[in-house]
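Survey of secondary and tertiary structure
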Amino acid sequence: MPEPNDSEPLLEIREVTKRFGALVALNNVSFSIRKGQIFGIAGPNGSGKSTLFNVITGIPFFPTKGDVLLSGRPMHRLRPHEISRAGILRTFQKDAEFATLSARENVYASAVYCGQMPSAQAKDAAEQALDDVSLPSERRTKAASDLSVFERKQLMIASAIAGRPKVLLLDEPAAGLTKPEVSGLRDLIAAVHGRGTTIVLIEHVLPLLLKVSEYLMILNHGAVIASGKPEEVVRNPKVVEAYLGKREAKL
Ligand code: ADP
Ligand code: MG
């Protein structure tokens, strides 16, 4: 497949709707992401952010209506593992690692499954991914359940990047981190981005989101209520009202 040029979106979401019975979790959402971007998404709890990642990756469901295109290729009819192999990989809000496997084994499993790599190549890719997130080598043999909260974030991101994604979707990676750890996560995201990965970042911790995002989109009740430059979006009265629930944003 040819690489997209700058004017073509890498990931395009077209008029996506997701219904759960009477509830419209996503309502006609459209946006596109350019190669190399860090695209931030925020919104109140229940506004449809995780559902958006779910329908993009097909894990565990697809949109009720609308299309998801990667470099112009429709993802809609692909199985979830085919979508990850096409280049869209995600992390989850909750811990999703194999608790009893070591950090190294977790990342290796991801390289084999998501990156579709043979064993020797997957070993190298896993080691490289663990280097990329700076997980110390003596921690790589520890069971995932024995890692600290921050180390589990490193593991989660290493597992995703080991599959060599074109687009990495991060769902609230800063949840549960202390302030200094949030700074560490920011450096980690910048490092992954610096090596050429396009990133979509859902985040509740606004200072982190505003620092790293080049473009910001706000969801409320499943609809896009604002998008554009982060510093302008957070001053949008609709965003202040919906996201912060008060007249003046205190950021
Ligand atoms: P956010 O990530 O922005 O906090 P979610 O995308 O998780 O929000 O949820 C959006 C809305 O969709 C919420 O009202 C939630 O209860 C509902 N929802 C999410 N997943 C399901 C599901 N599998 N079945 C029914 N309702 C769901
Ligand atoms: Mg969520």
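An account of the accompanying structure is given in this report.

Focus on the sheet that holds strand β2 (residues 23-33)
- Strand order in this open sheet of four strands is β2-β1-β4-β5, and the pairing throughout is antiparallel. This sheet does not close on itself; its edge strands, each paired only once, are β2 and β5 (73-74).
- Summarising the sheet, strand β1 (residues 11-20) and strand β4 (residues 65-70) pair through five bridges and their orientation is antiparallel. The residue bridging glutamate 12 from the neighbouring strand is leucine 69, located in β4.
- Contacts between helix α1 (residues 49-57) and the sheet are confined to β1, β2 and β4, with β1 contributing the most and set at about 110° to the helix.

Considering the nonpolar core
- If you look at the biggest cluster of nonpolar residues, it comprises 45 residues, and the most contacted ones within it are Val107, Ile157, Leu185, Ile199 and Ile218.
- No other element matches helix α5 (residues 149-162), which puts eight residues into this core.
- With residues near it in sequence (within four places) discarded, isoleucine 157 still touches Val133, Leu170, Leu185, Leu188 and Val192.
- The next biggest cluster of nonpolar side chains, apart from the first, holds 27 residues, and it includes Ile88, Val200, Ile202 and Met217.

Things to note about the packing of aromatic side chains
- Summed over the entire model, instances satisfying the criterion amount to three aromatic pairs.
- Relative to phenylalanine 61, the ring of phenylalanine 20 has its centre 5.3 Å away and its plane inclined at 75°; by these criteria the two rings are edge-to-face. Note that phenylalanine 20 is positioned in strand β1 and phenylalanine 61 in the loop between α1 and β4, a separation of 41 residues in sequence.
- A relative accessible area of 35% places phenylalanine 20 in the partly exposed class.

Brief notes about the site of ligand 1
- Neighbouring ligand 1 are the residues Phe20, Leu23, Ala25, Pro44, Asn45, Gly46, Ser47, Gly48, Lys49, Ser50, Thr51 and Phe61.
- Between ligand 1 and serine 47 there is a distance of 3.2 Å, counted from an oxygen atom to a backbone nitrogen or oxygen.
- Between ligand 1 and threonine 51, the relevant distance is 2.6 Å, taken from an oxygen atom to a side-chain nitrogen or oxygen of the residue.
- Within the complex, 60% of the 560 Å² of free accessible area of ligand 1 lies under protein.
- Going through the elements one at a time, β2 and α1 are the ones with two or more residues in the shell around ligand 1.
- A total of three residues in the shell around ligand 1 trace back to one element, the largest contributor, which is α1.
- Counted by class, the shell around ligand 1 contains five nonpolar, six polar and one charged residues.

As for the pairing of β1
- Relative to β2, β1 runs antiparallel, the two being bridged by seven bridges. Looking at β2, one finds that leucine 11 is bridged to isoleucine 33.
- Counting the residues in the hairpin turn of β1 and β2 gives two residues, including glycine 21, whose phi is positive at 60°.

Observations concerning the side chain of threonine 51
- When you line up the elements, threonine 51 lands in helix α1.
- Excluding its chain neighbours within four sequence positions, the residues that come into contact with threonine 51 are Lys18, Phe20, Ala25, Leu26 and Phe61.

Re the sheet that holds strand β7 (residues 167-171)
- Pairing is mixed in the open sheet, where six strands are placed in the order β6-β7-β8-β3-β9-β10. Each having just a single partner strand, β6 (88-90) and β10 (223-228) make up the two edges of the open sheet. Ignoring which end each strand starts from, the neighbouring axes of this sheet average 20° apart.
- In terms of strand pairing, strand β3 (residues 38-42) meets strand β9 (residues 215-220) through four bridges, oriented parallel. Along β9, the bridge assignment pairs alanine 42 with isoleucine 218.
- Set on the sheet, helix α6 (residues 179-194) makes contact with β3, β7 and β8 (198-202); between it and β8 the angle comes to about 150°.

So, how was this worked out
- Residues numbered from 1 in each chain as written.
- Chains lettered and ligands numbered in written order.
- Predicted model: local features only at pLDDT ≥ 70, side-chain atom pairs only at ≥ 80, totals over all residues.
- Heavy atoms only, no water.
- Pairing = 2+ DSSP bridges.
- Helix = DSSP H or I, 4+ residues; strand = E, 2+ residues; numbered from the N terminus.
- Contact = heavy atoms within 4.5 Å.
- Axes fitted to C-alpha atoms, helices over the stretch in contact; angles between N-to-C directions.
- Core = buried A, V, L, I, M, F, W, Y, C linked by side-chain atoms within 4.5 Å.
- Buried < 20%, exposed > 50% of the residue type's maximum accessible area, 1.4 Å probe, protein only.
- Phe/Tyr/Trp six-rings, centres within 6.5 Å; stacked < 30°, edge-to-face > 60°.
- Near = heavy atom within 4 Å.
- Polar contact = N/O pair within 3.5 Å; in protein donor to acceptor, adjacent residues only side chain to side chain.
- Areas by Shrake-Rupley, 256 points an atom, 1.4 Å probe, with all protein chains shown as cover.
- Nonpolar A, V, L, I, M, F, W, Y, C, P; charged D, E, K, R; others polar.

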